[in-house]
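# Per-entry structural report
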Amino acid sequence: MPIELTRRETLALTAAAAAALFPGAALAQSDDAPVREVREMTMGDPDAPITVVEYASFTCPHCATFHRDVMPQLRENFIDTGKVHFIFREVYFDLYGLWAGVVARCAPEDRYFGIVDLIFKTQSDWTRSTASDEEGAKAEVTQNLFGIGRQAGLTDDQMRECMQDREFMEALVAEFQKNMEADQVTGTPSFIINGEKASNMSYADFEARLNEELEG
């Protein structure tokens, strides 16, 4: 099972986790460096009449179900047709979810959503570990995630560099905290549709809601 952490604990443990996974590695850090910018990951026309923001955790089973059963139809019928501008925001309720986000963002931006799809489709596989101890489980899950990254053309060296970058992880967590607090999101998946909160729903319900927005 993923190692569940509070948001404060997640931020505090990023450097320690990377050091444990990669003994002897020099973590990239600078106390005087400005806060790193975190890219907003989006699909569709920014000028579309509807903006949908999804908050999702990579270790959330309901999020995986949404991306398997609803997202393909949503993309085909609304995003790719210019009706919806879709914004995907990562939520880090546990360490494994954070690492999955790091691997996804380690790739060039045009590969990001392809990796996200793989992470959700194989969620029950990469989060599983046969190790009997916590450190062994962390190492096994990391290698599982590296396997996903390799499918997207990333090398192990590229992914290690991203996982060793403390500033990168801290920036991701800071962005996650800022967005969650601003939108008062407490669970995943959660959606903001043209500024209004919505909970998880089937494709039929999502379609009806979006059509209401288009007709209104």
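What this report covers is the structure whose coordinates are included nearby. All chains use their own residue numbering, which begins from 1 and follows the written sequence. Owing to the predicted nature of the model, reporting of local features is limited to residues with pLDDT of at least 70; listing and counting of side-chain atom pairs is limited to 80 or more, with chain, interface and lining totals taken over all residues. To get the side-chain values, all heavy atoms of the structure are used, and hydrogens and water are removed first.

This paragraph deals with the overall build of the protein chain. Only DSSP runs of H or I reaching four residues or more are called helices, and only runs of E reaching two or more are called strands; each is numbered from the N terminus. From N to C terminus, the protein chain includes 10 helices and 5 strands. The buried label goes to any residue with under 20% of its type's maximum accessible area, the exposed label to any with over 50%, and the partly exposed label to all in between, with areas taken from a 1.4 Å probe on protein chains only. Relative to its 216 residues, the protein chain shows a buried fraction of 49%. Counting only contacts in the protein chain whose residues sit at least 6 apart along the sequence, the fraction spanning at least 24 positions is 78%. Working rule for contacts: check all heavy atoms of both residues, and any pair within 4.5 Å makes them a contact.

Glancing now at the sheet that holds strand 4 (residues 190-193). Between any two strands, at least two bridges found by DSSP are needed for them to pair. If you trace the 5 strands from one edge of the open sheet to the other, you get 1-3-2-4-5, paired in mixed fashion. Each edge of the open sheet is held by one strand with a lone partner, namely strand 1 (41-43) and strand 5 (196-198). Adjacent strand axes in the sheet meet at a mean angle of 25 degrees when their direction is disregarded. With 4 bridges joining them, strand 2 (residues 50-56) and strand 4 adopt antiparallel strand pairing. Paired with Val53 across the bridge in strand 4 is Ile192. Here the axes come from fitting lines to C-alpha atoms, over the contacting stretch only for helices, and the angles between their N-to-C directions go from 0 to 180 degrees.

A separate point is the state of the cysteines. For the purposes of this analysis, a disulfide is any pair of cysteine sulfur atoms at a distance within 2.5 Å. A complete count under the given rule lists 1 disulfide for this structure. Put simply, Cys106 and Cys162 are joined by a disulfide, and their sulfur atoms are 2.2 Å apart. Negative torsions about the S-S bond denote left-handed disulfides, and the value of about 80 degrees found for Cys106 with Cys162 makes this one right-handed. Of the two residues, Cys106 sits in helix 4 (residues 95-106) while Cys162 sits in helix 8 (residues 156-163), which places them 56 residues apart along the sequence. The same class applies to Cys106 and to Cys162, which are both buried.

Burial of strand 4 is two-sided: the residues Ser190 and Ile192 facing one way and the residues Phe191 and Ile193 facing the other way are all buried. Pairing of strand 4 with strand 5, which is carried by 3 bridges, proceeds in the antiparallel orientation. The residue of strand 5 that forms the bridge with Ile193 is Glu196. Between strand 4 and strand 5, which pair antiparallel and follow one another directly, the connecting turn spans 2 residues, one of which, Asn194, has a positive phi of 50 degrees.

Aromatic contacts are taken between Phe, Tyr and Trp rings whose centres are within 6.5 Å, Trp giving its six-membered ring; a plane angle under 30 degrees counts as stacked, one over 60 as edge-to-face, and the others as tilted. Here the structure, examined in full by the defined rule, presents 11 aromatic pairs. Centre to centre, the rings of Phe66 and Phe206 are 5.9 Å apart; their planes meet at 45 degrees, and the pair counts as tilted. With Phe66 in helix 2 (residues 61-69) and Phe206 in helix 10 (residues 203-215), the pair connects residues that are 140 residues apart, well separated along the chain. Classification of Phe66 as buried rests on a relative accessible area of 1%. Using a relative accessible area of 0% as the deciding quantity, one classes Phe206 as buried. On the basis of an interplanar angle of 85 degrees and a centroid distance of 6.4 Å, the ring pair of Phe88 and Phe120 is categorised as edge-to-face.

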